[in-house]
Amino acid sequence: MTAADFTDRQKLPRHIAIIMDGNGRWARAHGMKRIFGHREGVRAVRECAEVCAELHIPYLTLYAFSAENWSRPREEVNALMRLLVDTVTAEMDTFKRNNIRLNAFGALDELPVFCRKGLSNAMKETIHHTGLTLNLALSYSARNELVHVVRTLAERVQTGVLKTEEIDAEQIAASTYTAGMPDPELMIRTSGEKRISNFLLWQLAYAELYFTPVLWPDFNKEHLYQAISDYLTRERRFGKTGEQIQKI
Ligand code: FPP
């Protein structure tokens, strides 16, 4: 498949979210240390960003480091932090060539200083890019994000800028890390695991879920085209009947 096979661009998802899983298992299967799996995973990240840019999909969110990942061996955590910064720096050409804007969200203040600086530099350098927004969820936990949302709204009520009865789904969405972005319409998880694992719990309410046994370092453009094709075959009903949807 190629980008040209997607003729009806209107129907494409505007936001794809991916849980990149299976790096450790890939490394073990190749007789290597876990970090080699993460390093191989960078190629998959580049290919997915390129496909989204080619198809004019405006948002791609990657679960790059969960709040729970801090409990991994220190050596792996340090190597991952270094890899993140090295990647966003080394991929600047990819971002420029494809007009990609880099963004990051999560408990970013928990990241080591060199990592925050590297990310912030890359974000500044790509801020004027108008194509794909590539979101990296880092030190991210959806439950912690919801705590942040509740605190933000509580503070606004306390200071009198918001009334309790004005709190609605729109206000909540506007306080999430993805404020102003459409919710992901397609969520992909690699490596055969079929869980959401504390990823975008609010935003994934209506997402189509796509699970593939392919390990993240093996995931390539073709796999993403397949996932998008599969998404295009789904009937998205949002609680309505199939007949109601067909009339629209
Ligand atoms: C999950 O696989 C993957 C991660 C925790 C890290 C993902 C990070 C990368 C691919 C580096 C990407 C860089 C950028 C810039 C986004 P796992 O280690 O949980 O695999 P396992 O379940 O097989 O052990």
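The structure we're discussing is the one just above.
All figures in this text were calculated on a predicted structure; none of them were measured in a lab.

(A) Expanded view of the pattern of salt bridges. Taken as a whole and judged by the stated rule, the model has 18 salt bridges. Residue Glu75 is joined to Lys33 by a salt bridge in which the shortest nitrogen-to-oxygen separation is 2.9 Å. Of the two residues, Glu75 is situated in helix α3 (residues 74-90) and Lys33 in the loop between α1 (23-29) and α2 (34-54); the sequence distance between them amounts to 42 residues. A single salt-bridge network, built from bridges that share partners, covers Asp21, Arg25, Arg189, Glu193 and Arg195.

(B) Structural detail: the packing of aromatic side chains. Summed over all chains, the structure comprises 10 aromatic pairs. Seen in terms of ring centroids, Phe105 and Tyr177 are 5.6 Å apart; in terms of plane orientation they differ by 20 degrees. Their pairing is stacked. Here Tyr177 lies in the loop between α7 (169-175) and β5 (186-189) and Phe105 lies in strand β3 (residues 101-105), a separation of 72 residues in the sequence. The rings of Tyr63, Phe105, Tyr140, Tyr177 and Phe199 are connected pair by pair, giving a single aromatic cluster. Positioned above the aromatic ring of Phe36 is the side chain of Arg39, whose terminal nitrogen or guanidinium carbon lies 5.2 Å from the ring centre.

(C) Structural view of the sheet that holds strand β6 (residues 208-211). Read from one edge to the other, the open sheet built from six strands follows the order β3-β4-β2-β1-β5-β6, with strand pairing classed as parallel. Strands with a single pairing partner mark the edges of an open sheet, and in this sheet they are β3 and β6. Across the sheet, the mean angle separating the axes of adjacent strands is 20 degrees when strand polarity is ignored. Relative to β5, strand β1 (residues 15-19) runs parallel, the two sharing four bridges. Directly across from Ile16, in β5, lies its bridge partner Leu186. Along the sheet, α3 contacts β2 (59-66), β3 and β4 (133-140); its crossing angle with β2, the most-contacted strand, is approximately 155 degrees. In the packing of helix α8 (residues 221-233) onto the sheet, the strands contacted are β1, β5 and β6, and the crossing angle to β5 comes to about 135 degrees.

(D) Highlighting the site of the ligand. In the vicinity of the ligand, 18 residues are found, and the nearest of them are Met20, Gly24, Arg25, Arg34 and Arg72. Taking Asn23, its main chain carries an N or O atom lying 3.1 Å from an oxygen atom of the ligand. Those elements that provide at least two residues to the shell around the ligand are α1, α2 and α3. For the shell around the ligand, the element with the most residues is α3, which contributes four residues. Looking at the shell around the ligand, its residues break down into eight nonpolar, six polar and four charged.

(E) Spotlight on the packing of α2 against α3. Here α2 crosses α3 at 20 degrees, and the two axes come no closer than 10 Å. Judged on the interaxial angle alone, α3 and α2 are roughly parallel. Taken as a pair, α2 and α3 cross one another with a handedness that is right-handed. Contact residues: Arg34, Ile35, His38, Arg39 and Val42 in α2; Glu76, Ala79, Leu80, Leu83 and Thr87 in α3. Partitioning the contact of α2 with α3 into residue classes produces five nonpolar, two polar and three charged.

(F) Representation of the nonpolar core. With 49 residues, the main nonpolar core has Leu60 and Ile228 as its most contacted residues. Here this core gets seven residues from one element, more than from any other, and that element is α2. By size, the runner-up hydrophobic cluster in this structure holds 12 residues, among which are Ala137, Met187, Leu204 and Ala207.

(G) Structural context of the environment of Lys194. By the secondary structure assignment, Lys194 is in the loop between β5 and β6. It is 27 Å that separates the C-alpha atoms of Lys194 and Ile172, two residues lying 22 residues apart in sequence.

(H) Just the packing of α3 against helix α5 (residues 113-126), in detail. Where α3 contacts α5, the two axes come as close as 9 Å, and the packing angle between them is 20 degrees. One finds that α3 runs roughly parallel with respect to α5. Regarding α3 and α5, the two cross each other, and that crossing is left-handed. Of the residues in α5, those touching α3 at Met81, Arg82, Val85 and Val88 are Phe114, Cys115, Gly118, Leu119 and Ala122. For the contact of α3 with α5, the per-class residue count stands at seven nonpolar, one polar and one charged.

(I) Helix α6 (residues 142-158), seen in detail. With 17 residues, α6 should reach 24 Å at 1.5 Å per residue; the first-to-last C-alpha distance of 24 Å fits that figure. Looking only at α6, the buried set comprises Ala142, Glu145, Val149 and Leu153. Projected down its long axis, α6 shows its buried positions confined to an angular sector of 70 degrees, all on one face. Residues of α6 that are exposed and point more than 90 degrees away from the buried face comprise Arg143, Val150, Arg151, Glu155 and Gln158.

What counts as what
Residues numbered from 1 in each chain as written. Predicted model: local features only at pLDDT ≥ 70, side-chain atom pairs only at ≥ 80, totals over all residues. Heavy atoms only, no water. Salt bridge = Lys/Arg side-chain N within 4 Å of Asp/Glu carboxyl O. Helix = DSSP H or I, 4+ residues; strand = E, 2+ residues; numbered from the N terminus. Phe/Tyr/Trp six-rings, centres within 6.5 Å; stacked < 30°, edge-to-face > 60°. Lys NZ or Arg CZ within 6 Å of the ring centre and 35° of its normal. Pairing = 2+ DSSP bridges. Axes fitted to C-alpha atoms, helices over the stretch in contact; angles between N-to-C directions. Contact = heavy atoms within 4.5 Å. Near = heavy atom within 4 Å. Polar contact = N/O pair within 3.5 Å; in protein donor to acceptor, adjacent residues only side chain to side chain. Nonpolar A, V, L, I, M, F, W, Y, C, P; charged D, E, K, R; others polar. Parallel < 35°, antiparallel > 145°, perpendicular 65-115°, else oblique. Left-handed = near helix turned anticlockwise from the far one by under 90°. Core = buried A, V, L, I, M, F, W, Y, C linked by side-chain atoms within 4.5 Å. Buried < 20%, exposed > 50% of the residue type's maximum accessible area, 1.4 Å probe, protein only. Expected span 1.5 Å × (residues − 1). Arc of directions from axis to C-beta.

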